[in-house]
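The lines below spell out each chain.
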Amino acid sequence: MGAHPIDTPVGLLGRGRELAVLDQVLATARAGTSAVLVLRGEAGIGKTALLGYAADRAAGFRTFGIAGVESEMELPFASLHQLCVPLLGRLQELPEPQREALSVAFGLRGGEVPNRFLVGLAVLGLLAGAAEAQPLACLVDDAQWLDQGSRRVLAFVARRLVAEPVALVFALREQGDEGELAGLRELVVDGLGEPDARALLASAVRGPLDPLVRDRIVAEAHGNPMALLHLPRAPADLAGGFWLPGGRRLASRIEDAFQQRFRSLPQDSRRLLLTAAAEPTGDVCLLWRAAARQGIPASAAAPAEAAGLVEFGTRTRFHHPLVRSAVYRGASAPDRRAAHRALAEATDARLDPDRRAWHRAHAAARPDESVAVDLERSAGRAHGRGGAAAAAAFLRRAAELTPDPAHRVTRALAAAQAHIDAGGADQARTLLASAEAGPLDDLHRARLERLRARLVFSQVRGGDAPRLLLAAAHRLAPLDTALARDTLLEAAGAAIFAGRLSDGPGQREVAEAARAGPPPPTPPRMVDALLEGMTERTIEGYAAGVHAVRRALRAVRQAQRSGFTDAELRCLLLAFQVTPEPLAAELWDDEAWHELAAGAVRIAREAGALAVLPMALTYQACSRVHAGAFDTAAALIDEATAISEAAGGAPMMHTDLLLAAWRGRQTQARDLIGTTAAEVRVRGEGRALGLAEYATALLHNGLGRYDTALAAATRACGYEDLGIYGWALAELVEAAARGGRPEAAGAALEELTGRTRASGTEWALGVGACSRALLGDDRAADALYREAIDHFGRSRIAVHRARARLLYGEWLRRRGRRQDSRVQLTSAYEAFSRMGADGFAERARRELLATGETVRKRTAGADVELTHQEAQIARLAGAGHTNGEIAARLFISPRTVEWHLGNVFAKLGVPSRRHLRSVLPPP
């Protein structure tokens, strides 16, 4: 960390609380456990001084310090590269995928867009590896100005440091956009108390100070150390009673003080300082090359250093980021352009084309096609390194500098698309407005409407998204058939997602538009098969649409099994985001669901498509819930949640609702369902609301509360949510039959039977037989229950097989066949107990007691003593995975895996990983 005027004992006056926390952070890391802290406060409050204190106190640590630079926020992984440069000698120690991802991100080699999570794992691996030799202290100043890629990776690392001797401290200016760093341990740095403020002010002012002036300064500085140290330097300010009340922000007034000192310098010193402020890397050689091009002599450095603003050593170091911003913002636009022009000319176009393009862009006073072309090329390279935000920024500036209006529209649309992909909604909205003001041909207009619709869908899943996407598809139809059909599939997905809460076109309207729209190409793509399947199912009804849906699922399964081009991969990832899981659930096709979910997880992992991976993991988790593997499902949900949190999002599926309902833990399930229902209602996610109602019905059927279950199932069946409606019908039949409402049960059964017979899968036939048994006469019921058990036995759906045995056992007991009922009820009880379906297990236990059987309540096994992450690690280790493989899969470090395994061994009472299989339940 560079020297700073307040990096002194005087500058740390009144900071006992903060210094104690920093000492604790360093002590924790020194003892071998990671410690992360975010220092938050306004500009000049003393965060940099506290980082300097941490650096001084980190005896025995290897210390790294970086600072975000506002003007460098558009360059991908710039700050991360600066942090990792001293560690790149360990690059070869990383697993190949991580090594390759980090090398591409840093521009050390070419390659496909690196997986951001692999980049994060690589940085985590570098830090963990270096920390084996000695503890590390990583100090990050002005974190609000880190480029997006660096900020996300460092936040990812911060959340996964557990058992490594690493202290990671961020200093962040208060501005309400903490984003990725939210939730980390935080220390707010407030202003100094009045006695300390007076003492600090006295150290900054030589000579006597009128008490009234002193009190005015202390009051208006609000305890800000930089204000107290630097503002009272102008005699006129002091004589006049300091600065007027009600003025600008304190940071602006501090910048004014620095600008006064800047303006007092000789002209050549001012030009040198401005050039340094425009060059964010601190490269002294580049600075002096640029200075020579402007005729600035070497002697210009001395006055700037004497003024306490900057140091010119092996790197250029401003004494505070506010000095840099004060110099840059205080210069005239022509002077800033001249500095950037010199820096562009001094930058090697072959070694650093992106930084040269960046300087050329800032030097341009008017549109310039050659600069725009350079920026477009830089955007391609940034995207190739995984710098989505940087690519978007380059494209945005390229659009601004494009002279031809029509070409400017094309670039503005490309920039908007890039910002949507990078999560920059506000920038995308501005660019779309800019494009709309230009000369738009029909294709431009259609693409603009599609981007606007996708922007809406990315922010609010329901609402206007189906209507806007459908309108964009209509406009694209005569212009770009493939893009129109892609947009129709997106509209269908949006309509499914919005469900009962949609205030625009529903699934039928989208399906009718698809049928009337452009025909599919020959041969049809997988996306076309999905769109056709959705259309047939919606318009022709369940029975008539089954074959088309089955064809669509076959198309996706075939695509998963075969190799595919980049374009086909994009189609496959689009398909994963839109429809396969609801379609497989709609057919009760457990084999297709199992294969699709496993394939989606595999492909998303291999492709690094971690925007899709959480969704794929939750699909797989839902499949495992129905298979009765609740612990495996919970581990998959945890993994999906960890990835989504690292990406700043949340899983789109709500499999945790189903898991909670099947487990039957009433309070936990009810709270989760209630919270989720409230959240999805606000977001307009109607399908998730239908799922919450289904989960409520399932929970209360399991607990034997049939009136509550019937009310929830009736609400769930109020809208035909794809993949949920049929499930809810089965819950309605059971709740109504057991609750003394045979008319309601019969009506639901009639519709359910038509669906299950049309589907014809073992799962569907089992559901149909079991539901008919609930309303059948004695002879029919007996045969139907046995038929249902047989069908479920030939499927993966273990939960429903156990449930059919429970229903059959209850029916047998009520007919006085106690011996027969005990066989079925015991099997159901044991199966539910093994799975962890506590509600249904307790229901089976009560029925067994009623037969005269003695049954103990299920006791918790060893696995419930483990946290979710410990259980996940234990299973992977028991399956033979190495610590490195487990770390890569769970996005943690190998040392953290080792630490968790130590806890697992202690809790389970086993000496090593080879004993884990014998004490863990099967997956």
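Residues numbered from 1 in each chain as written. Predicted model: local features only at pLDDT ≥ 70, side-chain atom pairs only at ≥ 80, totals over all residues. Heavy atoms only, no water.

A. Quick look at the overall build of the protein chain. Counting its secondary structure elements, the protein chain contains 47 helices and seven strands. Residue burial in the protein chain is summarised as follows: out of 923 residues, 56% are buried. Carbon together with sulfur atoms contributes 51% to the accessible area of the protein chain, which is approximately 36800 Å² in total. (Helix = DSSP H or I, 4+ residues; strand = E, 2+ residues; numbered from the N terminus. Buried < 20%, exposed > 50% of the residue type's maximum accessible area, 1.4 Å probe, protein only. Areas by Shrake-Rupley, 256 points an atom, 1.4 Å probe, with all protein chains shown as cover.)

B. Focus on the packing of helix α37 (residues 725–738) against helix α38 (residues 742–759). Packing of α37 against α38 leaves a shortest axis separation of 8 Å and a crossing angle of 150 degrees. In terms of orientation, α37 and α38 fall into the roughly antiparallel class. The way α37 lies across α38 gives a crossing that is left-handed. Contacts between α37 and α38 pair Y725, G726, L729, A730, L732, V733, A736 and A737 from the former with P742, A744, A745, A748, L749, E751, L752 and R755 from the latter. Grouping the amino acids of the contact of α37 with α38 by side-chain chemistry returns 13 nonpolar, one polar and two charged. (Axes fitted to C-alpha atoms, helices over the stretch in contact; angles between N-to-C directions. Parallel < 35°, antiparallel > 145°, perpendicular 65-115°, else oblique. Left-handed = near helix turned anticlockwise from the far one by under 90°. Contact = heavy atoms within 4.5 Å. Nonpolar A, V, L, I, M, F, W, Y, C, P; charged D, E, K, R; others polar.)

C. How the structure looks around α37. The end-to-end C-alpha distance of α37, which contains 14 residues, comes to 20 Å, matching closely the 20 Å that a straight helix rising 1.5 Å per residue would cover. Most of α37 sits out of view: 12 of its 14 residues are buried. For α37, the set of buried residues is Y725, G726, W727, A728, L729, A730, E731, L732, V733, E734, A735 and A736. Taken from the residues just after α37, G740 is the one with a positive phi, measuring 75 degrees. (Expected span 1.5 Å × (residues − 1).)

D. Summary view of the packing of helix α24 (residues 481–498) against helix α26 (residues 526–540). Remark: α24 packs on α26, axes separated minimally by 10 Å, with the N-to-C direction vectors making an angle of 45 degrees. Between α24 and α26, the angle falls in the class oblique. At the point where α24 passes α26, the crossing takes the left-handed sense. Packed against α24, whose contacting residues are R485, D486, L488, L489, A492 and I496, the element α26 presents V527, D528, L530, L531, E532 and M534 at the interface. Residues of the contact of α24 with α26, tallied by class, amount to eight nonpolar, no polar and four charged.

E. Looking closely at the packing of aromatic side chains. Scanning the model with the defined rule gives 10 aromatic pairs in all. Taken together, a centroid distance of 6.0 Å and an interplanar angle of 15 degrees make the contact between W593 and W727 stacked. With W593 in helix α30 (residues 590–607) and W727 in helix α37, this residue pair connects regions lying 134 residues apart in the sequence. A relative accessible area of 2% places W593 in the buried class. In this structure W727 comes out as buried when scored by relative accessible area, which is 6%. With a centroid separation of 5.2 Å and an interplanar angle of 25 degrees, the aromatic rings of F832 and F840 are classed as stacked. Residues F832 and F840 agree in their burial class; the two are buried. What links up through ring pairs into an aromatic cluster is the set W593, Y694, W727 and W763. (Phe/Tyr/Trp six-rings, centres within 6.5 Å; stacked < 30°, edge-to-face > 60°.)

F. Region of interest: the nonpolar core. Formed by 174 residues in total, the largest nonpolar core has its most connected members in L80, L102, F170, W593, W727, Y785 and F832. In terms of residue count, helix α5 (residues 116–131) provides more of this core than any other element does, 10 residues in total. Ignoring anything within four residues of it in the chain, the contact list for F170 reads V36, L37, V38, L39, V140, A143, L154, A158, L181 and L184. (Core = buried A, V, L, I, M, F, W, Y, C linked by side-chain atoms within 4.5 Å.)

G. Representation of the sheet that holds strand β3 (residues 136–141). Ordered in space as β2-β3-β4-β1-β5, the five strands form an open sheet in which the pairing is parallel. The two strands at the open ends of the sheet, each matched to only one other strand, are β2 (62–67) and β5 (186–188). For this sheet, the mean angle separating the axes of adjacent strands, direction not counted, is 15 degrees. Docked against the sheet, helix α1 (residues 16–30) engages β1 (35–41), β4 (166–173) and β5, running at close to 145 degrees with respect to β4. With respect to the sheet, helix α6 (residues 148–160) is in contact with β1, β2 and β4, its orientation differing from that of β4 by roughly 135 degrees. (Pairing = 2+ DSSP bridges.)

H. Fine view of the confidence of the model for the protein chain. Residues of the protein chain with pLDDT of at least 70 account for 86%, and the chain-wide mean is 84. Predicted confidence for residues 234–248 stays below pLDDT 50, and this span has 28 contacts to residues more than four positions away or in other chains. A low-confidence stretch, residues 859–864 stays under pLDDT 50, and its non-local contacts, those more than four residues away or across chains, total six contacts. (pLDDT = per-residue confidence, 0-100.)

I. Geometry of the pattern of salt bridges. Applying the stated criterion across every chain, the model contains 52 salt bridges. Where E731 meets R803, a salt bridge forms, and the shortest distance between an N and an O atom there is 2.7 Å. Placement of the pair is E731 in helix α37 and R803 in helix α41 (residues 798–814), with a sequence separation of 72 residues. In terms of burial, E731 and R803 fall into one category: buried. Put simply, D778 and R815 hold a salt bridge, and the shortest N to O gap is 2.9 Å. Residue D778 is found in helix α40 (residues 778–793), and its partner R815 is found in the loop between α41 and α42 (818–835); the two are separated by 37 residues along the sequence. (Salt bridge = Lys/Arg side-chain N within 4 Å of Asp/Glu carboxyl O.)

J. Just unusual backbone geometry, in detail. For the peptide bond that leads from T522 to P523, omega is -5 degrees, which places it in the cis range. Structurally, the position occupied by P523 is in the loop between α25 (507–516) and α26. A positive phi angle, near 50 degrees, is found at W588, a position not held by glycine. Looking at the secondary structure, you find W588 in the loop between α29 (580–586) and α30.

K. Structural detail: the environment of Y785. Locating Y785 in the fold gives a position in helix α40. Taking C-alpha positions, Y785 is 5.9 Å from Y808, a pair spaced 23 residues apart along the chain.

L. Region of interest: the pairing of β3. Burial of β3 is extensive: six of the six residues sit out of reach of the surface. The pairing of β2 with β3 spans six bridges and is parallel. Counted as the bridge partner of T63 is A137 from β3. Where β3 lies against β4, five bridges are found, and the strand directions are parallel. From the neighbouring strand, C138 faces β4, where its bridge partner is L168. Handedness of the crossover joining β3 and β4 through α6 is recorded here as right-handed. (Right-handed = clockwise from strand over helix to strand, strands pointing away.)

M. Local environment of the pairing of β1. The element β1 is extensively covered by neighbouring structure, given that seven of its seven residues are classed as buried. In β1, alternate side chains face the same way, and those of A35, L37, L39 and G41 on one face and V36, V38 and R40 on the other are all buried. Relative to β4, β1 runs parallel, the two sharing seven bridges. Directly across from L37, in β4, lies its bridge partner V169.

N. Spotlight on the environment of R485. By secondary structure assignment, the location of R485 is in helix α24. Sequence-wise, R485 and A514 are 29 residues apart; in three dimensions their C-alpha atoms are separated by 7.5 Å. With residues up to four places along the chain from it excluded, the contact list for R485 reads P518, P519, P520, R525, D528, L531 and E532. Within the structure, R485 has its side chain in polar contact with the side chain of D528 (distance 2.6 Å). (Polar contact = N/O pair within 3.5 Å; in protein donor to acceptor, adjacent residues only side chain to side chain.)

O. View of the side chain of S34. By the element assignment, S34 lies in the loop between α1 and β1. Residue classification places S34 among the buried residues on the basis of a relative accessible area of 12%. Once you skip the residues sitting within four places of it in the chain, S34 turns out to touch T28, L161, V162, A163, E164 and V166.

P. Highlighting the state of the cysteines. The tally for this structure, following the rule as stated, stands at zero disulfides. The cysteine C84 is free of any disulfide, with C138 supplying the nearest cysteine sulfur at 8.6 Å. By relative accessible area, which is 1% here, C84 ends up buried. (Disulfide = S-S within 2.5 Å.)

Q. The side chain of D147, seen in detail. Within the secondary structure layout, D147 lies in the loop between β3 and α6. Buried D147, no salt bridge; nearest opposite-charge side chain is R151, N-O distance 7.3 Å. Side-chain polar atoms of D147 contact the backbone nitrogen of F77, separated by 2.8 Å. Within the local environment of D147, its side chain forms a polar contact with the backbone nitrogen of S79, the two atoms lying 3.2 Å apart. (Lys, Arg positive; Asp, Glu negative; His and termini not counted.)

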